[in-house]
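# Breakdown of the fold
Spelled out, the chains give:
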Amino acid sequence: MTTTERAAARRERRPGTARGFSWGFVVKLLLMGIVNAFGLTVILSAYRAESWVVLGIMVALLVLVDVIYFTKRALPLKYLAPGLAFLFVFQLFTLGYTGYVAFTNYGSGHSGSMQQAVDAAFIQDEQRVPDSPAYPLTVVERAGELGFAIVVDDEVRAGTALEPLAEIDGAGTGASGAPTEVPGFTVIERAQVLTDPALQEQVVALRVPFSDDPEDGSIRTREGSTGVLYTSSLEWDEDARTITDTETGLVYAADDRGSFVADDGTRLATGWYVNVGFENFVRAFTDAKFAAPLLQVTLWTFAFSILTVLSSFGLGLLFALIFNDPRIRSRKLIRTLFILPYAFPAFMSALLWRGMLNSEFGVVNDLFFFGADINWLGDPILAKLAILWVNLWLSYPYWFLVCTGALQSLSGETLEAAKVDGAGPFRRFRSIILPLLLVSTAPLAIASFAFNFNNFTIIYMLTEGGPSIPGAPNGIGSTDILISAIYAISGVAGGTADYGLASALSIIVFVVIGVISAIAFRQTRKLEEIQ
Amino acid sequence: MRKQLGIGALVIASGLVLAGCSAGDGDQSGGGGDGAELVIWTDAEREPAIRAAAEAFEEESGATVTLVQKNFEDLRNDFTAQVPTGEGPDITVGAHDWLGALVTAGVVDTIDIGAAAEEFEQVSLDAFTYDGQLYALPYSLETVALVQNTALVGTEAPATWDEMIQRGIDAGAERPVVINTAGETGDAYTMYGLQTSFGAPVFVQDETGSYTNEVGMSGAPGEAFATWLHENGSAGTGYLSTTIDYDINNELFNSGQAAYTVQGPWAISSFADVDVAVNPIPSAGGETAAPFVGVQGFYLSSQSDNALLANEFLVNYLATEDAQRALYEADPRIPAFSTLAEEVASDPVIAGFLASSQNGVPMPSIPEMGSVWDFWNAAETQIINGADPATTWSSMITELEGSLAG
C-alpha cells in the first residue's frame, strides 16, 4: 500500500468525514492562515529592522508550528504548542533579555550603539558660525551628486560636498529668494525633498564647503529652505575607533567601558552600551555604595515576606477556626464581610492606609493613640511595622478563605474519632487539624512567600521605600524590598538610570526565589506522606 | 495530495490576511510621494494645540503628523529608551531639566530657530542651551510662587518669612503657612526659593550663568538654611511638617486653614474656594528668594528620519504666535513667547508667577542633577523631622559629592 492509499483507507474508516473535506479542516486552515500571516509580518519587519535574531527565531517557530499542525507526527504537541509559544514569548524571552541587559552597562549615558554615540558627538560639536546669515537655499543635483545652491549678496553660488560653492552665471531666483534655476544643476523641488525620507536624510547630512578654506565652514540646512554656515572640529577614524578634535588636538579613543576618553581623562558626553561581563553582579556585593544598603534591603525583604506569610496565615487560620464553629449565627454574612479587604484593590487600600497613618491628619493617631504625634511612615522601625500591619490587613482574608475551605474538607469522622478518644480541642488542632490543613495550604504559603518577596505594590503605595537610608544611592529607603530597590536603581522613576545593575539584581532575586521555592516544595512533599 | 492542497490553501490564506494587514500602512512608509510621516509625542494638555498647528502643516507640506499621547512623566524615559532603537518619535514635548540626560544619552539633535529666537524670552532659550547649543523650542515657563488667601492676608506681598508668619498669625489662620514636602519623601524643589534666600544654590553658576558641577550648598550658607529648616520643623515652630503632601497642602489652603502656601500655577485650579493673590516668595535668609524656573519645549530626536520636516514644523509652525497662543490657551502657563507673555500678564495670577520667575534661576539641566534629588530631599525630610541640622546637612553634602565623583 502506498502512503496515499493508506491515508485514503484511514479516511474511509472514519465516519462523518466527507472525502478530503471537513469544516474542522477549514477552521484550522483559517486559524493557521492568521498565525502564518502574523509570523510573516513579524519576519518581514524584523528583516526591515535588520534584527536577525528575531528573524531567525520567528522563522524557526513558524516552520515548527506548521510542521506540528500539518503533519500527523506530533499529536501531543498540537495541544502543547500554544502554551509553549506563550511560555517562550512571555517568560523565556523576558528572562533572556533581562539576562542580556544584566551583562551590559546599559543606563544613563550608555543607551545606544557606538555609531549613535559618534553621531551625537558630531551633533554636539557642530557649531553655527557666529553672525552667519541665513542664505536662501535650494537643493540641487548634478550627475547623481546632491548639492546646495544659495544666494549670497544677490549672486547664486552652488556646490556639492566635494566641490566648494562657486558662482553660477545665468541663474535665476524665485519669489522666496531661493534659486529656481541653476545652469549645470538640476533643481530639486522642496516638496519632493520634504516628502522623500531617503532624500531628506541625505540633505540633512550634506555639508557643502563655503570656500576652499575649511576655516570658513560649510553650509548645512535644517529645514531645506535656508542654509547657514557651520563648523565642526571633530574627525572620526572608524578603523582606529578614535575621535580627534582638530581644534584642541585631543584624541578621544573608545575604551572598553563604552566611552570616548582622551589621554587627559576628559570624556565625550555620550557613550554607548557594551558588554561588561559579570561586573554588575560583582558590584551589587562589593561596591561600598550599594553593598550596605542592599544587605539591609535583602534582610528586610526576607523578614517582610516571612513575617507577612506567618502573621496572615495565623490570623486567617484563627478566624477560620472560630467562624467554622456551627454555633455562630449568620456565619455566611460574617465570612463575606471578612473577604472585603481582599476584594478591594491592594493599591487603593495601601493609599488609604497611607492617609490614615499620616501622623498629623491620619485617623489612626487620632482615634487609637489619643491624638499622639506618632510618625508611622517617617521612622525606619515604625514604617516597617506599618507595612507589616497593612499587609496583614490586606492578606489575612485570603488565608481565612483558604483555611475555611480546607477545614470544611477535613473528614468529620477523624475528628469525631479523636473526640471519642478523649483528645481536647487543642490536642485535636495540633495533631489532626493543623497537619491535615498544612498538606493543602503549605504550597500556597510558599507561593505567597514568593509573591510577597516581590510585593512592589504595597511598598510603593504606602511608603515609596522611605524613609531614606542616609547616604544610600538612588534614594533606597529602609522599607524598600529588593524589587522596589531595583525599581529605584533602574531610574525609571527619574534620577540616574542603571538598567544593567537593576537587571543583574532581578536575576539574583529570581534565583533566590527559585531556590527557596524548590527547597520548600520538596519539604511539603514530606507533609503529603502523612495522608 | 491533500497535504499539497492544504499548503497551497495556506499560502493563499496567509497572503490574503497579509495583504489585508499591510494595506493600512502601505501609504505611510512608502518611499516617495506624499509619504512622509512626522511622529510627535505629547502629553494630554498640549495635544489639541499641536493638533491645530499640525493641520496647517499637513495641508501645506502634504506630510502626515501622528500625535502620540503619553504621560508627561513617562516621556523622558521612553524617549531615551526608544530613540536609539529607531522606534522613537521625531519630536517630543519635554522639560528643560532633562536636557543634560538627553544629551548624555545622545538622543537629541540641536535646532536652529534663526530669527524666531528674538521672539522668545531669553531665559527660556538659555534653559534649553547646553554647551552653547540650542536643543529645543521653548513654549512655556513655570515656577512656584507665594500664593496667599486674600480674605485672610490681603494681596500685599510680605518681604520676609517672619513678616509673612506674623501676618498669618494676625489673620487668625490655623496655620500661617503650609508648604508641601511630598510627605516623607521631601520636596527640595518647592523649598528651593527659601534655600537660595540663604545664598546656598544647589550647584555653583559660572560667570555666564551656566551651572558647574561644583556643589554650592555646602558651608555656612547651606548650614544656615538647614538650621532654619530645623527651627521651623517638628522640633521648632512646626510650620514645616512632613505630614503635608500635595493633596493635603492644597486642601488646607483651599479650606482657608492656611493663609499662605508655596505652589505652582498647576495648583491654582485646586484653590477654587478661596480668592488668591500670587507674589514672589519672601526671603527667609536675607537674600532674594530665587525659585527654580522650569521651561517646557519641543525636543528633536537625533535619529529622526524626517529631520527637515521636523525642523520645518518646529520653526515655521510652532514658533509662531498663533501656535504659541493655542498652547497657552490649552494649558495656561507663562508663555515663553515674549509678546504673548506681556499680553497674558494682565491676568494678576499669571503676573504673580511671572514676577516670581523673574527672581528665579533655571533649574540645572546638567546630568549631575539626576543624582541630587534623592540625597537632598531625604536630608531636608530628616532635618524637618528633628535631626541635627549641621551634621545631617554636611553628611548629605559629603555623600552627594562622593556620588558625583562616581
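Residues numbered from 1 in each chain as written. Chains lettered and ligands numbered in written order. Predicted model: local features only at pLDDT ≥ 70, side-chain atom pairs only at ≥ 80, totals over all residues. Heavy atoms only, no water.

### Here we look at the overall build of chain A
Inclusion rule: Helix and strand definitions here come from DSSP, where helices need a minimum of 4 consecutive H or I residues and strands a minimum of 2 consecutive E residues; each element is numbered from the N-terminal end. Here's how the labels work: a residue is buried when its accessible area is under 20% of the maximum for its type, exposed when over 50%, partly exposed in between, all with a 1.4 Å probe on protein chains only. Contacts are assigned to residue pairs with any non-hydrogen atoms lying within 4.5 Å of each other. Calculation of accessible area relied on Shrake-Rupley with a 1.4 Å probe; when residues are assessed, cover is drawn exclusively from the protein chains displayed. By the counting scheme adopted, Arg and Lys are positive, Glu and Asp are negative, and His together with the chain ends is not counted. The atom standing in for a charge is NZ when the residue is Lys, CZ when it is Arg, CG when it is Asp and CD when it is Glu.
Across its full length, chain A holds 18 helices and 15 strands. In terms of overall dimensions, chain A has a C-alpha envelope of 120 × 90 × 45 Å along the principal axes. Split into buried and exposed, the 531 residues of chain A put 41% on the buried side. A separation threshold of at least 6 residues defines the contact pool for chain A, and within that pool the share at least 24 residues apart is 59%. When the accessible surface of chain A is totalled, it reaches about 28,600 Å², and 64% of it is carbon and sulfur. Within chain A, one finds 37 positive and 50 negative side-chain charges whose respective centroids are separated by 28 Å.

### Observations regarding the overall build of chain B
When helices and strands are counted, chain B shows 16 helices and 16 strands. On the principal axes, the C-alpha backbone points of chain B span a range of 90 × 45 × 45 Å. Scored against the burial criterion, the 406 residues of chain B give a buried share of 55%. Taking contacts inside chain B between residues at least 6 apart in sequence as the whole, the part at least 24 apart equals 74%. For chain B, the computed accessible surface area is about 15,000 Å², with 49% contributed by carbon and sulfur atoms.

### Side note on the environment of V54(A)
All names here are of chain A. Assignment of secondary structure puts V54 in helix α3 (residues 52–70). With a relative accessible area of 39%, V54 lands in the partly exposed category. The spatial distance from the C-alpha of V54 to the C-alpha of P179 is 48 Å, given a sequence separation of 125 residues. In contact with V54, not counting residues within four places along its chain, are V42 and A46.

### Focus: the domain arrangement of chain A
Heads up, the rule is: Note that domain bounds follow an automatic or database assignment of domains.
Along its sequence, chain A is carved into domain 1 (24–102), domain 2 (127–231) and domain 3 (287–528). Computed from C-alpha atoms alone, the centre-to-centre distance between domain 2 of chain A and domain 3 of chain A is 68 Å.

### Some points on the pairing of strand β11 (residues 226–231) of chain A
Residue and element names in this part refer to chain A. Just so we agree on the cut-off: Strands are labelled as partners when DSSP assigns at least two bridges between them.
Relative to β11, strand β1 (residues 127–128) runs antiparallel, the two sharing 2 bridges. Paired with Q127 across the two strands is T231, which belongs to β11. Looking at chain direction, strand β2 (residues 135–142) and β11 are connected through 2 bridges and run antiparallel. Each bridged residue has a counterpart across the sheet, and for Y135 the counterpart in β11 is G227.

### Side note on the environment of D255(A)
Residues and elements named next belong to chain A. As a reminder of what qualifies: Here a polar contact is recorded for every N or O atom pair within 3.5 Å, except that within protein the pair must consist of a potential hydrogen donor and a potential acceptor, and residues adjacent in sequence are included only if both atoms are side-chain atoms.
Along the chain, the position of D255 falls in the loop between β14 (251–254) and β15 (260–261). C-alpha separation for the pair D255 and A178, spaced 77 residues apart in sequence, amounts to 46 Å. In this structure D255 touches V261 and W272, once residues within four positions along its chain are discounted. Looking at D255, its side chain comes within polar contact range of the main-chain nitrogen of G258, at 3.2 Å. For D255, the side chain forms a polar contact with the main-chain nitrogen of S259, separated by 2.8 Å.

### Notes on the confidence of the model for chain B
Convention followed: Confidence scores per residue from the predictor, reported as pLDDT, run from 0 to 100.
Mean pLDDT over chain B: 87, with 91% of residues reaching 70 or higher. Every residue in residues 15–33 of chain B is under pLDDT 50, and counting partners more than four places away or in other chains gives 13 contacts.

### Observations concerning the nonpolar core
Put simply, the rule is: Throughout, nonpolar core names a set of buried Ala, Val, Leu, Ile, Met, Phe, Trp, Tyr and Cys residues whose side chains join them through atoms within 4.5 Å.
Membership of the largest hydrophobic core comes to 93 residues, with the highest contact counts inside it found for I219(A), I113(B), L137(B), F298(B) and F313(B). Broken down by element, this core gets its largest block of residues, 9 residues, from helix α11 (residues 307–318) of chain B.

### Some details on helix α3 (residues 72–82) of chain B
Along an α-helix, residues three or four apart share an orientation, since each turn contains 3.6 residues. Listed as buried for α3(B) are L75(B), R76(B), N77(B), F79(B) and T80(B). As for α3(B), its buried residues are in contact with α18 (499–528) of chain A together with β1 (37–42), β3 (91–95), α4 (99–105), β4 (108–109) and β14 (292–301) of chain B.

### With respect to the interface of chain B and chain A
Where interface size is quoted, it is often the accessible area lost as the parts come together. Just so we agree on the cut-off: The term buried area means the drop in 1.4 Å probe accessible area that two parts suffer when joined, counted for both and summed. Any carboxyl oxygen of Asp or Glu within 4 Å of a side-chain nitrogen of Lys or Arg constitutes a salt bridge here.
Counting residues at the interface gives 61 residues for chain B, matched by 67 residues for chain A. Both sides together, the interface formed by chain B and chain A hides about 5,100 Å², and carbon and sulfur atoms give 53% of it. At the boundary of chain B with chain A, the tally comes to 3 salt bridges. Residues D112(B) and R128(A) are paired through a salt bridge, measuring 2.6 Å at the closest nitrogen-oxygen approach. Counting residues per element, the ones that place at least two in the side of chain B that touches chain A are α1 (2–26), α3, α4, β4, α10 (246–254), α11 and α15 (369–384) of chain B. Considering each element in turn, the side of chain B that touches chain A owes the most residues, 9 residues, to α1(B).

### Quick word on unusual backbone geometry
Residue and element names in this part refer to chain A. Phi angles above zero are rare outside glycine, and R241 is one such case at about 55°. Relative to the helices and strands, R241 is located in the loop between β12 (234–237) and β13 (242–245). Residue R241 is classed as partly exposed on the basis of its relative accessible area of 35%. Here the phi dihedral of N474 falls at roughly 55°; this positive angle occurs in a residue that is not glycine. Note that N474 resides in the loop between α16 (456–462) and α17 (482–490).

### What about the packing of helix α4 (residues 75–102) of chain A against α18(A)?
Residues and elements named next belong to chain A. As a reminder, the rule being used: Axis definition: a line fitted to C-alpha atoms, over the contacting stretch in the case of helices. Angles run 0 to 180 degrees between N-to-C directions. Roughly parallel here means an angle under 35 degrees, roughly antiparallel means over 145, roughly perpendicular means 65 to 115, and every remaining angle is called oblique. By the definition used in this description, the sense in which the near helix is turned from the far one sets the handedness, with an anticlockwise turn below a right angle giving left-handed and a clockwise turn giving right-handed. Under the grouping applied here, Gly and all other residues not named as nonpolar or charged are polar, the nonpolar ones being Ala, Val, Leu, Ile, Met, Phe, Trp, Tyr, Cys and Pro and the charged ones Asp, Glu, Lys and Arg.
At a minimum axis distance of 7 Å, the contact between α4 and α18 shows a crossing angle of 130°. Overall, the two elements α4 and α18 adopt an arrangement that is oblique. At the point where α4 passes α18, the crossing takes the left-handed sense. The residues of α18 that touch α4, namely those facing L95, T98, G99, V101 and A102, are Y499, G500, S503, A504, S506, I507 and F510. The residue makeup of the contact of α4 with α18, split by class, is 7 nonpolar, 5 polar and no charged.

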